[in-house]
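A look at the structure
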Amino acid sequence: MKIFNSIHEFSSTAKTIITLGTFDGVHKGHASILHKIISNSRALGYESVVLTFFPHPRMVLQQNSSIKLLSTMEEKAQLLESYGLDNLVIHPFDIEFSRLTAEEFVKDVLVDRLNIHKVIIGHDHRFGRNRTANIDDLIRFGNEYGFEVEKISALSVNEVSVSSTKIRNALAAGDITTANDFLGYPYFLTGTVVKGKQLGRTIGFPTANMHIKEDYKLIPANGVYTVSSEIDGKIVYGMMNIGVRPTIEGTSLSIEVHFLDLDKNLYDARMCIAIHHRLRDEQKFESFDALKLQLYKDREDTIAYFKQHKV
């Protein structure tokens, strides 16, 4: 997959089949659109293109927006590449770009820059200045500028329409089961292992302390979760605590992973942690001994979970 950091970088002599949007989380609701642009482009000998934007438009247009995202740009690119996409265009979203009229966007971006043959888009997609244009306007522009438009209806899981907002809400509530069901894969965090206070090591539970540099990445609700990661080509299982560590009077958020069967120095390692199941809330214990007893139970519950659920 080729990655372009603006529409101005993109170049292709082939016609393109395009979809566009923020694609936050690249979830089940996005899958049907992605499969269609890729299968259509291969059948016709054209190239598939996803046009997405960074920062997220709400970060630019809503001054006080505190939106957290399901995927960093690195993670989004990784997810999109797994579908077999040909081209990912990440265009900087700013006030100037937001002021393009719908027709300017269609002509200047889709037609002149991206060499469009067809656009496949969600039924509820809106675009142009103040998001005033809809799918009917896009069809009209397609007739005028000579490209096809195919709309995709909302995908439902258990009769609930899948959306990035619903997944964000599930994660914020600690409902990792619903989030993963809607995503179609385990929600994951990507970060670097940094040195912590090493208190876990003193009670037999050494942890890898994760630092996630992208402050816009959504961290699930505080609690203890079962997790897995690929280390040196092998899947390793573990449990992760997200929280402020109240037993030691902590105040800042930390993300700590204890791997079940791993004796390895992980400092400075770049890791992807897949989150499978929520074991419990974060708790404050009366003593380190009480904490240690709970951690033994958490480890037993983690082992039992992965015996029942192969990943």
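Preceding this paragraph is the structure being described.
Just so you know, the residues in each chain are numbered from 1, in the order the chain's sequence is written. For a predicted model such as this one, the threshold for reporting local features is a pLDDT of at least 70, and the threshold for listing and counting side-chain atom pairs is 80 or more; totals across whole chains, interfaces and linings nevertheless cover every residue. Where side-chain values are given, they derive from all heavy atoms of the structure, hydrogens and water being excluded.

Another point: the sheet that holds strand 11 (residues 223-231). Taken together, the 6 strands give a closed barrel; going around it, the order is 9-10-13-12-11-14, and neighbouring strands pair in antiparallel fashion. Strand-to-strand twist across the sheet, computed as the mean angle between neighbouring axes with direction ignored, equals 45 degrees. Any two strands with at least two DSSP bridges between them are considered paired. Elements are defined by DSSP. Helices are runs of H or I of four residues or more, strands are runs of E of two residues or more, and each kind is numbered from the N terminus. Here strand 9 (residues 188-194) pairs with strand 10 (residues 208-211) via 3 bridges, running antiparallel. Each bridged residue has a counterpart across the sheet, and for Val-194 the counterpart in strand 10 is Asn-209. With axes taken as lines fitted to C-alpha atoms, and helix axes fitted only over the stretch in contact, angles between N-to-C directions fall between 0 and 180 degrees.

Let us look at the side chain of Ser-41. Relative to the assigned elements, Ser-41 resides in helix 1 (residues 28-44). Using a relative accessible area of 1% as the deciding quantity, one classes Ser-41 as buried. Here, residues are in contact when the closest pair of their heavy atoms is within 4.5 Å. Contact partners of Ser-41, with chain neighbours within four places excluded, come to Ile-17, Tyr-46, Glu-47, Ser-48 and Asp-86. Between buried and exposed lies partly exposed: a residue is buried under 20% and exposed over 50% of the maximum accessible area for its type, with that area taken using a 1.4 Å probe on protein chains only.

Turning to helix 7 (residues 164-172), a few remarks are in order. Where helix 7 is concerned, the buried positions are Ser-164, Ile-167, Arg-168, Ala-170 and Leu-171. The buried residues of helix 7 occupy an angular sector of 160 degrees when the element is viewed end-on, so they sit on one face. Of the exposed residues in helix 7, the ones pointing more than 90 degrees away from its buried face are Asn-169 and Ala-172. On its buried face, helix 7 sits against helix 1, helix 2 (57-61) and helix 8 (176-183). Looking one or two residues beyond helix 7, the residue adopting positive phi is Gly-174, at roughly 80 degrees. The directions from the helix axis to the C-beta atoms are what the arc is built from.

Turning next to the sheet that holds strand 3 (residues 47-54). Taken in spatial order, the 6 strands of this open sheet run 1-4-3-2-5-6, and their pairing is parallel. Two strands close off the open sheet at either side, each with one partner strand: strand 1 (2-4) and strand 6 (148-152). Mean inter-strand twist for the sheet, computed between neighbouring axes without regard to direction, equals 20 degrees. The pairing of strand 2 (residues 16-20) with strand 3 spans 5 bridges and is classified as parallel. Bridge pairing links Leu-20 to Leu-51 in strand 3. Sitting on the sheet, helix 3 (residues 73-81) touches strand 1, strand 3 and strand 4 (87-92), and the angle it makes with strand 3 is about 165 degrees.

Let us look at empty space enclosed by the protein. Think of a 1 Å grid over just the protein atoms. A cavity is a set of points where a 1.4 Å probe fits yet cannot get out, a pocket is an open set with protein on both sides within 12 Å along at least five of seven lines, and lining residues have an atom within 4 Å of a point. Grid points are joined across faces, edges and corners, and a volume is the space filled by probe spheres set on the points. Under the defined criterion, the tally for this structure stands at 2 cavities of 30 Å³ or more. Empty space within the second largest cavity amounts to approximately 60 Å³. Every residue along the wall of the second largest cavity is listed here: Thr-22, Asp-24, Phe-53, Phe-54, Pro-55, His-56, Leu-69, Ser-71, Thr-72, Met-73, Lys-76 and Tyr-216. Going through the elements one at a time, strand 3 and helix 3 are the ones with two or more residues in the lining of the second largest cavity.

This paragraph deals with the layout of surface pockets. Looking at the largest pocket, its volume works out to about 1,300 Å³. Around the largest pocket, the lining comprises 45 residues; the ones closest to its centre are Gly-21, Thr-22, His-125, Arg-126 and Arg-131. Counting only elements with at least two residues in the lining of the largest pocket, the list comes to strand 2, helix 1, helix 2, helix 4 (95-98), strand 5 (116-122) and helix 7. Partitioned by chemical class, the residues of the lining of the largest pocket number 18 nonpolar, 19 polar and 8 charged. The classification used treats Ala, Val, Leu, Ile, Met, Phe, Trp, Tyr, Cys and Pro as nonpolar, Asp, Glu, Lys and Arg as charged, and all other residues, Gly among them, as polar.

Counting 49 residues, the largest nonpolar core has Tyr-187, Met-240 and Phe-259 as its most contacted members. Setting aside anything within four residues of it in sequence, one finds Tyr-187 in contact with Leu-69, Leu-70, Leu-171, Ile-176, Asn-180, Lys-217, Leu-218, Pro-220, Ile-273, Ala-274 and Ile-275. One finds Val-49, Leu-51, Ile-121 and Phe-141 within the second-largest nonpolar core, a separate group that totals 26 residues. We call a set of buried residues a nonpolar core when its members are Ala, Val, Leu, Ile, Met, Phe, Trp, Tyr or Cys and they connect through side-chain atoms within 4.5 Å of each other.

Before going further, it helps to spend a moment on the environment of Met-1. For Met-1, the location among the structural elements is in the segment before strand 1. A relative accessible area of 29% places Met-1 in the partly exposed class. Considering only alpha carbons, one finds Met-1 and Asp-124, 123 residues apart in sequence, at a separation of 27 Å. Dropping the residues within four chain positions of it, Met-1 is found in contact with Ala-77, Leu-80, Glu-81, Leu-85, Asp-86, Asn-87 and Leu-88.

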